[in-house]
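These are the residues of each chain, in order.
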Amino acid sequence: MRDKVYLQVNGRKIESFLSYRIEADIYTADDAFSFDIPKPGMTIKPGMDCELWVNDKPELTGIIDRIVTKDSKSGVEVRIEGRDLMGLVVDSYCIEFFDLRKMTLKELAERLLKNIPYINRKDIIYQENVAGHLKRTQVANAVLAMPQEFAHITPGATVFEVLKTYAMSRGVMFFSLPDGTFVFGRPEAKAKPQFTFINKRSDPKGNNVIEGVLDRNISKRYSEIRFYGQPQGTDINGMPVINAPPLRLDDRNFAWPFYKPFTAEDNNDAQGLMLHAQLLMDRMRFESFQLHYRVSRHSQNNKNYEINKIARVVDETRGLDGDYLIYGRTFEMSRQGVFTMLKLSYPGMVIG
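Keep in mind that this is a model prediction, so the values were computed, not measured. (Residues numbered from 1 in each chain as written. Predicted model: local features only at pLDDT ≥ 70, side-chain atom pairs only at ≥ 80, totals over all residues. Heavy atoms only, no water.)

Student: Help me understand the overall build of the protein, please; the structure alone is not making it clear to me.
Tutor: Summing up its helical and strand segments, the protein has four helices and 21 strands in all. The proportion of buried residues among the 352 residues of the protein is 47%. Residue pairs in contact within the protein that sit at least 24 positions apart in sequence constitute 68% of those at least 6 positions apart. (Helix = DSSP H or I, 4+ residues; strand = E, 2+ residues; numbered from the N terminus. Buried < 20%, exposed > 50% of the residue type's maximum accessible area, 1.4 Å probe, protein only. Contact = heavy atoms within 4.5 Å.)

As C-alpha coordinates, this is what we get:
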(Lines give C-alpha, C1' and ligand atoms only; values in the text may rest on other atoms or scores of the structure.)
Protein backbone atom coordinates (compact mmCIF):
# COMPACT_ATOMS: atom_id res chain seq x y z
CA MET A 1 0.00 0.00 0.00
CA ARG A 2 1.36 3.40 -1.01
CA ASP A 3 1.62 6.26 1.49
CA LYS A 4 -0.93 9.00 0.90
CA VAL A 5 0.84 12.37 0.97
CA TYR A 6 -0.45 15.83 0.20
CA LEU A 7 0.52 19.44 0.87
CA GLN A 8 -2.25 21.85 1.77
CA VAL A 9 -1.73 25.53 0.95
CA ASN A 10 -4.43 28.18 1.20
CA GLY A 11 -7.08 25.50 1.62
CA ARG A 12 -6.09 23.60 -1.55
CA LYS A 13 -4.33 20.25 -1.85
CA ILE A 14 -1.20 19.51 -3.88
CA GLU A 15 -0.78 15.77 -4.35
CA SER A 16 1.64 15.43 -7.27
CA PHE A 17 5.35 15.72 -6.44
CA LEU A 18 8.60 15.12 -8.26
CA SER A 19 10.33 14.85 -4.89
CA TYR A 20 10.03 15.99 -1.30
CA ARG A 21 11.98 16.06 1.95
CA ILE A 22 10.32 16.75 5.31
CA GLU A 23 12.46 16.87 8.45
CA ALA A 24 11.57 16.60 12.13
CA ASP A 25 14.15 16.59 14.93
CA ILE A 26 13.75 17.18 18.66
CA TYR A 27 17.24 18.67 18.90
CA THR A 28 16.93 20.98 15.87
CA ALA A 29 15.11 24.25 16.50
CA ASP A 30 13.52 24.80 13.09
CA ASP A 31 12.84 21.77 10.91
CA ALA A 32 13.05 22.29 7.16
CA PHE A 33 11.00 20.97 4.27
CA SER A 34 11.18 21.12 0.49
CA PHE A 35 8.90 20.02 -2.36
CA ASP A 36 9.52 19.85 -6.09
CA ILE A 37 6.19 20.23 -7.88
CA PRO A 38 5.57 19.88 -11.63
CA LYS A 39 2.31 21.87 -11.82
CA PRO A 40 1.07 23.44 -8.58
CA GLY A 41 -2.23 24.51 -10.15
CA MET A 42 -2.30 27.60 -7.93
CA THR A 43 -0.29 30.69 -7.04
CA ILE A 44 2.05 30.05 -4.13
CA LYS A 45 3.92 32.89 -2.42
CA PRO A 46 6.54 33.09 0.35
CA GLY A 47 4.93 33.70 3.73
CA MET A 48 1.98 31.40 3.18
CA ASP A 49 1.24 28.85 5.87
CA CYS A 50 0.95 25.20 4.90
CA GLU A 51 0.28 21.73 6.25
CA LEU A 52 1.67 18.39 5.21
CA TRP A 53 -0.55 15.34 5.66
CA VAL A 54 0.68 11.76 5.56
CA ASN A 55 -1.89 8.96 5.64
CA ASP A 56 -4.55 11.43 6.80
CA LYS A 57 -2.48 12.65 9.74
CA PRO A 58 -0.92 16.15 10.02
CA GLU A 59 2.85 15.71 10.00
CA LEU A 60 4.04 19.28 9.49
CA THR A 61 2.65 22.75 10.08
CA GLY A 62 4.84 25.49 8.74
CA ILE A 63 5.57 28.58 6.69
CA ILE A 64 6.82 28.79 3.11
CA ASP A 65 10.11 30.71 3.06
CA ARG A 66 11.20 30.40 -0.56
CA ILE A 67 9.78 29.74 -4.02
CA VAL A 68 12.04 28.84 -6.96
CA THR A 69 10.50 28.55 -10.42
CA LYS A 70 12.49 26.94 -13.20
CA ASP A 71 12.00 25.68 -16.72
CA SER A 72 12.44 22.02 -17.58
CA LYS A 73 11.94 19.75 -20.57
CA SER A 74 8.49 18.84 -19.31
CA GLY A 75 7.43 22.41 -18.50
CA VAL A 76 7.64 24.66 -15.46
CA GLU A 77 8.72 23.21 -12.13
CA VAL A 78 8.31 24.89 -8.76
CA ARG A 79 10.46 24.24 -5.71
CA ILE A 80 8.92 25.15 -2.36
CA GLU A 81 11.13 25.50 0.72
CA GLY A 82 10.23 26.37 4.26
CA ARG A 83 10.31 25.45 7.94
CA ASP A 84 7.92 24.40 10.65
CA LEU A 85 6.27 26.96 12.97
CA MET A 86 9.30 26.99 15.26
CA GLY A 87 11.10 28.73 12.42
CA LEU A 88 9.02 31.84 13.14
CA VAL A 89 10.10 31.72 16.78
CA VAL A 90 13.75 31.32 15.76
CA ASP A 91 13.51 34.30 13.39
CA SER A 92 11.58 36.63 15.71
CA TYR A 93 13.58 39.07 17.85
CA CYS A 94 12.38 40.31 21.20
CA ILE A 95 11.06 43.87 21.18
CA GLU A 96 10.36 44.07 24.92
CA PHE A 97 13.26 44.14 27.37
CA PHE A 98 12.33 43.21 30.92
CA ASP A 99 13.50 41.32 33.99
CA LEU A 100 12.60 37.61 34.04
CA ARG A 101 13.34 36.68 37.63
CA LYS A 102 9.74 36.87 38.89
CA MET A 103 8.06 35.39 35.84
CA THR A 104 6.79 31.87 35.45
CA LEU A 105 7.63 29.96 32.30
CA LYS A 106 4.02 30.09 31.11
CA GLU A 107 3.82 33.85 31.65
CA LEU A 108 7.05 34.38 29.75
CA ALA A 109 6.04 32.11 26.84
CA GLU A 110 2.63 33.72 26.44
CA ARG A 111 4.11 37.22 26.52
CA LEU A 112 6.85 36.52 23.98
CA LEU A 113 4.73 34.42 21.61
CA LYS A 114 1.65 36.66 21.54
CA ASN A 115 2.68 38.58 18.40
CA ILE A 116 3.95 35.58 16.41
CA PRO A 117 1.32 34.36 13.91
CA TYR A 118 -0.18 30.87 13.56
CA ILE A 119 0.90 29.72 17.04
CA ASN A 120 -1.79 28.36 19.35
CA ARG A 121 -0.57 29.31 22.83
CA LYS A 122 -3.39 27.35 24.48
CA ASP A 123 -2.00 24.06 23.16
CA ILE A 124 1.54 24.49 24.50
CA ILE A 125 2.55 21.54 26.69
CA TYR A 126 4.22 22.37 30.01
CA GLN A 127 5.52 19.18 31.59
CA GLU A 128 5.83 18.81 35.33
CA ASN A 129 8.30 20.99 37.28
CA VAL A 130 8.88 23.59 34.56
CA ALA A 131 6.30 26.24 35.42
CA GLY A 132 8.01 27.69 38.50
CA HIS A 133 9.74 31.02 38.90
CA LEU A 134 13.13 31.66 37.37
CA LYS A 135 15.66 31.57 40.22
CA ARG A 136 18.86 30.63 38.46
CA THR A 137 19.70 30.16 34.82
CA GLN A 138 22.37 27.83 33.67
CA VAL A 139 22.79 26.22 30.27
CA ALA A 140 25.51 24.09 28.74
CA ASN A 141 26.72 25.95 25.66
CA ALA A 142 26.97 23.55 22.73
CA VAL A 143 30.32 24.95 21.64
CA LEU A 144 32.19 26.07 24.76
CA ALA A 145 30.33 23.96 27.34
CA MET A 146 30.23 26.97 29.67
CA PRO A 147 27.30 28.32 31.73
CA GLN A 148 25.33 31.34 30.60
CA GLU A 149 23.65 33.64 33.12
CA PHE A 150 20.37 35.05 31.90
CA ALA A 151 17.94 37.19 33.91
CA HIS A 152 17.12 40.15 31.66
CA ILE A 153 16.15 40.33 27.98
CA THR A 154 18.48 42.55 25.99
CA PRO A 155 18.32 43.83 22.38
CA GLY A 156 19.49 41.24 19.89
CA ALA A 157 17.95 38.24 21.67
CA THR A 158 15.49 36.09 19.75
CA VAL A 159 12.31 34.70 21.24
CA PHE A 160 13.63 31.17 20.81
CA GLU A 161 16.92 31.95 22.57
CA VAL A 162 15.12 33.41 25.59
CA LEU A 163 12.63 30.55 25.92
CA LYS A 164 15.29 27.90 25.34
CA THR A 165 17.57 29.41 27.99
CA TYR A 166 14.75 29.61 30.51
CA ALA A 167 13.80 25.98 29.83
CA MET A 168 17.38 24.78 30.19
CA SER A 169 17.59 26.56 33.54
CA ARG A 170 14.85 24.18 34.69
CA GLY A 171 16.60 21.12 33.22
CA VAL A 172 14.15 20.76 30.31
CA MET A 173 14.01 21.60 26.61
CA PHE A 174 11.87 23.79 24.37
CA PHE A 175 10.99 21.86 21.24
CA SER A 176 8.27 21.41 18.64
CA LEU A 177 6.32 18.36 17.52
CA PRO A 178 5.62 17.92 13.78
CA ASP A 179 1.96 18.91 14.13
CA GLY A 180 3.01 22.34 15.42
CA THR A 181 2.60 21.69 19.16
CA PHE A 182 5.25 23.36 21.32
CA VAL A 183 6.61 21.47 24.33
CA PHE A 184 8.54 22.53 27.42
CA GLY A 185 9.77 19.24 28.86
CA ARG A 186 12.08 16.29 28.52
CA PRO A 187 12.30 13.82 25.64
CA GLU A 188 10.52 10.49 26.12
CA ALA A 189 12.42 8.10 28.39
CA LYS A 190 10.47 5.01 29.45
CA ALA A 191 7.34 4.67 27.32
CA LYS A 192 6.26 1.48 25.61
CA PRO A 193 7.98 1.07 22.21
CA GLN A 194 5.81 2.24 19.32
CA PHE A 195 8.00 0.92 16.51
CA THR A 196 10.34 -2.00 15.89
CA PHE A 197 13.46 -2.12 13.73
CA ILE A 198 14.87 -5.54 12.93
CA ASN A 199 18.13 -6.36 11.20
CA LYS A 200 19.02 -10.02 11.67
CA ARG A 201 21.64 -12.00 9.81
CA SER A 202 20.46 -15.33 11.23
CA ASP A 203 16.84 -14.88 10.04
CA PRO A 204 16.58 -11.97 7.57
CA LYS A 205 12.98 -12.66 6.50
CA GLY A 206 11.56 -10.25 9.07
CA ASN A 207 14.10 -7.48 8.51
CA ASN A 208 12.71 -4.00 7.85
CA VAL A 209 15.97 -2.01 7.82
CA ILE A 210 17.32 -1.15 4.36
CA GLU A 211 20.47 0.60 5.55
CA GLY A 212 21.92 1.19 8.99
CA VAL A 213 24.77 3.21 10.45
CA LEU A 214 25.99 3.19 14.06
CA ASP A 215 28.54 5.83 15.03
CA ARG A 216 30.17 5.36 18.46
CA ASN A 217 32.63 8.11 19.29
CA ILE A 218 34.10 8.90 22.73
CA SER A 219 36.51 11.60 21.54
CA LYS A 220 34.35 14.32 23.16
CA ARG A 221 33.16 12.22 26.09
CA TYR A 222 34.78 12.16 29.54
CA SER A 223 34.92 9.67 32.40
CA GLU A 224 34.50 12.46 34.94
CA ILE A 225 33.22 16.05 35.00
CA ARG A 226 34.49 18.47 37.65
CA PHE A 227 33.28 22.03 38.20
CA TYR A 228 35.41 24.34 40.34
CA GLY A 229 34.32 27.58 41.95
CA GLN A 230 35.83 30.84 40.77
CA PRO A 231 39.35 31.63 42.09
CA GLN A 232 39.33 33.08 45.61
CA GLY A 233 42.38 35.29 46.11
CA THR A 234 45.96 34.65 44.98
CA ASP A 235 49.02 32.95 46.43
CA ILE A 236 52.38 34.58 47.18
CA ASN A 237 53.32 34.29 43.51
CA GLY A 238 50.17 36.06 42.36
CA MET A 239 48.56 32.86 41.04
CA PRO A 240 44.80 32.33 41.56
CA VAL A 241 43.81 30.02 44.42
CA ILE A 242 40.70 27.81 44.35
CA ASN A 243 39.60 26.93 47.87
CA ALA A 244 36.22 25.22 47.36
CA PRO A 245 36.19 21.48 46.55
CA PRO A 246 34.89 20.68 43.05
CA LEU A 247 31.53 19.22 42.21
CA ARG A 248 32.21 15.83 40.63
CA LEU A 249 30.03 13.72 38.36
CA ASP A 250 31.21 10.33 37.10
CA ASP A 251 30.11 8.80 33.81
CA ARG A 252 28.76 5.44 34.94
CA ASN A 253 27.12 4.64 31.60
CA PHE A 254 30.36 3.55 29.96
CA ALA A 255 33.03 1.10 31.11
CA TRP A 256 35.96 3.46 30.81
CA PRO A 257 39.28 1.67 30.19
CA PHE A 258 41.18 4.78 31.25
CA TYR A 259 40.81 8.00 33.22
CA LYS A 260 39.74 11.04 31.18
CA PRO A 261 38.64 14.11 33.23
CA PHE A 262 36.84 17.25 32.11
CA THR A 263 37.12 20.43 34.24
CA ALA A 264 35.52 23.86 34.09
CA GLU A 265 35.05 26.92 36.29
CA ASP A 266 31.62 27.82 37.64
CA ASN A 267 30.58 29.98 40.62
CA ASN A 268 26.94 28.93 40.98
CA ASP A 269 25.49 27.00 43.90
CA ALA A 270 25.58 23.21 44.18
CA GLN A 271 22.16 22.78 42.58
CA GLY A 272 23.15 24.86 39.56
CA LEU A 273 26.47 23.07 39.26
CA MET A 274 24.84 19.65 39.30
CA LEU A 275 22.31 20.65 36.64
CA HIS A 276 25.05 22.05 34.42
CA ALA A 277 27.15 18.90 34.87
CA GLN A 278 24.22 16.60 34.08
CA LEU A 279 23.25 18.55 30.94
CA LEU A 280 26.84 18.46 29.76
CA MET A 281 27.16 14.73 30.40
CA ASP A 282 23.87 14.08 28.57
CA ARG A 283 25.22 15.92 25.53
CA MET A 284 28.47 13.95 25.61
CA ARG A 285 26.58 10.66 25.87
CA PHE A 286 24.18 11.63 23.09
CA GLU A 287 26.97 12.60 20.69
CA SER A 288 28.82 9.35 21.42
CA PHE A 289 25.97 7.12 20.18
CA GLN A 290 24.27 7.91 16.88
CA LEU A 291 22.13 5.24 15.19
CA HIS A 292 20.66 5.95 11.76
CA TYR A 293 18.27 3.75 9.81
CA ARG A 294 16.77 3.96 6.33
CA VAL A 295 13.45 2.18 5.90
CA SER A 296 10.84 1.98 3.17
CA ARG A 297 7.61 3.99 3.29
CA HIS A 298 6.54 6.43 6.02
CA SER A 299 4.67 4.16 8.40
CA GLN A 300 4.77 0.88 10.28
CA ASN A 301 1.64 -1.09 11.15
CA ASN A 302 -0.54 1.82 9.93
CA LYS A 303 1.25 4.28 12.24
CA ASN A 304 3.40 7.07 10.79
CA TYR A 305 6.95 7.22 12.09
CA GLU A 306 7.17 9.87 14.83
CA ILE A 307 9.85 11.71 16.74
CA ASN A 308 9.94 11.56 20.54
CA LYS A 309 8.82 7.92 20.45
CA ILE A 310 10.58 4.83 21.76
CA ALA A 311 11.54 2.11 19.29
CA ARG A 312 12.61 -1.47 19.89
CA VAL A 313 15.84 -2.28 18.05
CA VAL A 314 17.07 -5.79 17.32
CA ASP A 315 20.20 -5.42 15.18
CA GLU A 316 22.57 -8.36 15.05
CA THR A 317 24.96 -6.55 12.70
CA ARG A 318 25.61 -3.85 15.30
CA GLY A 319 25.06 -5.96 18.41
CA LEU A 320 22.00 -4.02 19.58
CA ASP A 321 18.95 -5.35 21.43
CA GLY A 322 17.14 -2.64 23.36
CA ASP A 323 14.93 0.46 23.37
CA TYR A 324 16.04 3.75 21.84
CA LEU A 325 14.52 7.17 21.22
CA ILE A 326 13.57 8.28 17.71
CA TYR A 327 14.75 11.89 17.91
CA GLY A 328 14.89 12.60 14.17
CA ARG A 329 12.74 11.60 11.23
CA THR A 330 12.89 12.63 7.57
CA PHE A 331 10.29 11.67 4.98
CA GLU A 332 11.80 11.46 1.49
CA MET A 333 10.46 10.83 -2.00
CA SER A 334 12.55 10.87 -5.16
CA ARG A 335 13.06 8.84 -8.31
CA GLN A 336 14.59 6.13 -6.12
CA GLY A 337 11.31 5.67 -4.22
CA VAL A 338 9.65 6.56 -0.92
CA PHE A 339 11.76 6.23 2.24
CA THR A 340 12.07 7.42 5.83
CA MET A 341 15.39 8.28 7.44
CA LEU A 342 15.41 7.79 11.21
CA LYS A 343 17.87 9.01 13.84
CA LEU A 344 17.99 7.26 17.21
CA SER A 345 19.97 7.60 20.43
CA TYR A 346 19.54 7.07 24.16
CA PRO A 347 16.12 8.06 25.57
CA GLY A 348 15.32 10.97 27.85
CA MET A 349 18.36 13.21 27.42
CA VAL A 350 18.13 17.00 27.58
CA ILE A 351 20.63 18.51 25.17
CA GLY A 352 21.68 22.17 25.40
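Alright, that's what it looks like, and here's the rest.
Student: Please clarify how the sheet that holds strand β10 (residues 182-185) should be interpreted in this entry.
Tutor: To summarise the sheet geometry, strands pair through backbone hydrogen bonds and adopt either a parallel or an antiparallel arrangement. One open sheet holds the three strands; their spatial order is β8-β10-β9, and the pairing between them is mixed. Two strands bound the open sheet, and with one partner strand each, they are β8 (125-126) and β9 (173-176). Bridge count between β9 and β10: four bridges; the pairing is antiparallel. Paired with phenylalanine 174 across the strands is phenylalanine 184, a residue of β10. Packing against the sheet, helix α3 (residues 159-169) makes contact with β9 and β10, and its axis sits at approximately 130 degrees to β9. (Pairing = 2+ DSSP bridges. Axes fitted to C-alpha atoms, helices over the stretch in contact; angles between N-to-C directions.)

Student: Would you mind showing me how to read the sheet that holds strand β15 (residues 261-265) here?
Tutor: Spatially, β14-β13-β15 is the arrangement adopted by the three strands of the open sheet, whose pairing is mixed. Each edge of the open sheet is held by one strand with a lone partner, namely β14 (247-250) and β15. In this sheet, adjacent strand axes meet at a mean angle of 15 degrees when their direction is disregarded. Sheet topology note: the strand β13 (residues 224-228)/β14 ladder contains four bridges and is antiparallel. Counted as the bridge partner of phenylalanine 227 is leucine 247 from β14.

Student: In this structure, what is going on with the side chain of glutamate 224? I would like to understand it.
Tutor: Along the chain, glutamate 224 turns up in strand β13. There is a polar contact of 3.0 Å between the side chain of glutamate 224 and the side chain of tyrosine 259. The residues contacting glutamate 224, other than those within four sequence positions of it, are Arg248, Leu249, Asp250, Tyr259, Lys260, Pro261 and Phe262. (Polar contact = N/O pair within 3.5 Å; in protein donor to acceptor, adjacent residues only side chain to side chain.)

Student: Would you mind showing me how to read α3 here?
Tutor: Among the 11 residues in α3, nine count as buried, and that is most of the element. Considered for burial, the residues of α3 that qualify are Val159, Phe160, Val162, Leu163, Thr165, Tyr166, Ala167, Met168 and Ser169. At the exit of α3 stands glycine 171, carrying a positive phi of roughly 80 degrees.

Student: Is there a simple way to explain unusual backbone geometry in this structure?
Tutor: The phi torsion of most residues other than glycine is negative, and most of the peptide bonds are trans. Look at asparagine 10: it is not a glycine, yet its phi comes out positive at around 55 degrees. The exposure class assigned to asparagine 10 is exposed, which follows from its relative accessible area of 60%.

Student: How do you make sense of the nonpolar core when you look at a structure like this?
Tutor: The nonpolar side chains of a soluble globular protein tend to be buried, and buried together. Membership of the largest hydrophobic core comes to 31 residues, with the highest contact counts inside it found for Phe197, Tyr293, Val313 and Leu344. Those elements that provide at least two residues to this core are β9, β11 (195-199), α4 (270-287), β16 (289-296), β19 (309-315), β20 (320-334) and β21 (337-345). Tallying contributions element by element places β20 first for this core, with five residues. Of all hydrophobic cores here, the second largest spans 29 residues; its members include Leu88, Leu100, Leu108 and Val159. (Core = buried A, V, L, I, M, F, W, Y, C linked by side-chain atoms within 4.5 Å.)

Student: Which parts of the structure should I look at to understand the packing of aromatic side chains?
Tutor: Two numbers describe a pair of aromatic rings. These are the distance of the centres and the angle of the planes. A complete count under the given rule lists 21 aromatic pairs for this structure. Summarising the aromatic geometry, the rings of phenylalanine 254 and tryptophan 256 are spaced 5.0 Å apart at their centres and angled 80 degrees between planes, so their arrangement reads as edge-to-face. For tryptophan 256, a relative accessible area of 16% translates into the label buried. The structure contains a cluster of three or more aromatic residues connected by ring pairs, namely Tyr126, Phe160, Phe174, Phe182 and Phe184. Of note, lysine 13 hangs over the ring of tyrosine 6, and the distance from its end group to the ring centre comes to 4.4 Å. Over the face of the ring belonging to tyrosine 222 we find lysine 260, whose NZ or CZ atom lies 4.8 Å from the ring centre. (Phe/Tyr/Trp six-rings, centres within 6.5 Å; stacked < 30°, edge-to-face > 60°. Lys NZ or Arg CZ within 6 Å of the ring centre and 35° of its normal.)

Student: What am I meant to see in the pattern of salt bridges here?
Tutor: Counted under the stated rule, the structure contains 26 salt bridges. The salt bridge involving arginine 83 is made with aspartate 30; its shortest N-O contact spans 3.0 Å. Residue arginine 83 is located in strand β7 (residues 75-84), and its partner aspartate 30 is located in the loop between β3 (19-25) and β4 (32-37); the two are separated by 53 residues in the primary sequence. Owing to a relative accessible area of 16%, arginine 83 belongs among the buried residues under this scheme. Judged by its relative accessible area of 21%, aspartate 30 falls in the partly exposed class. Two residues, arginine 83 and aspartate 65, come together in a salt bridge whose shortest N-O distance is 2.8 Å. Separated by 18 residues along the polypeptide, arginine 83 in strand β7 and aspartate 65 in strand β6 (residues 57-72) bring together distant segments of the chain. Aspartate 65 gets classed as partly exposed once you look at its relative accessible area, which sits at 37%. Residues participating in the shared-partner salt-bridge network are Glu224, Arg226, Arg248, Asp250 and Arg252. (Salt bridge = Lys/Arg side-chain N within 4 Å of Asp/Glu carboxyl O.)

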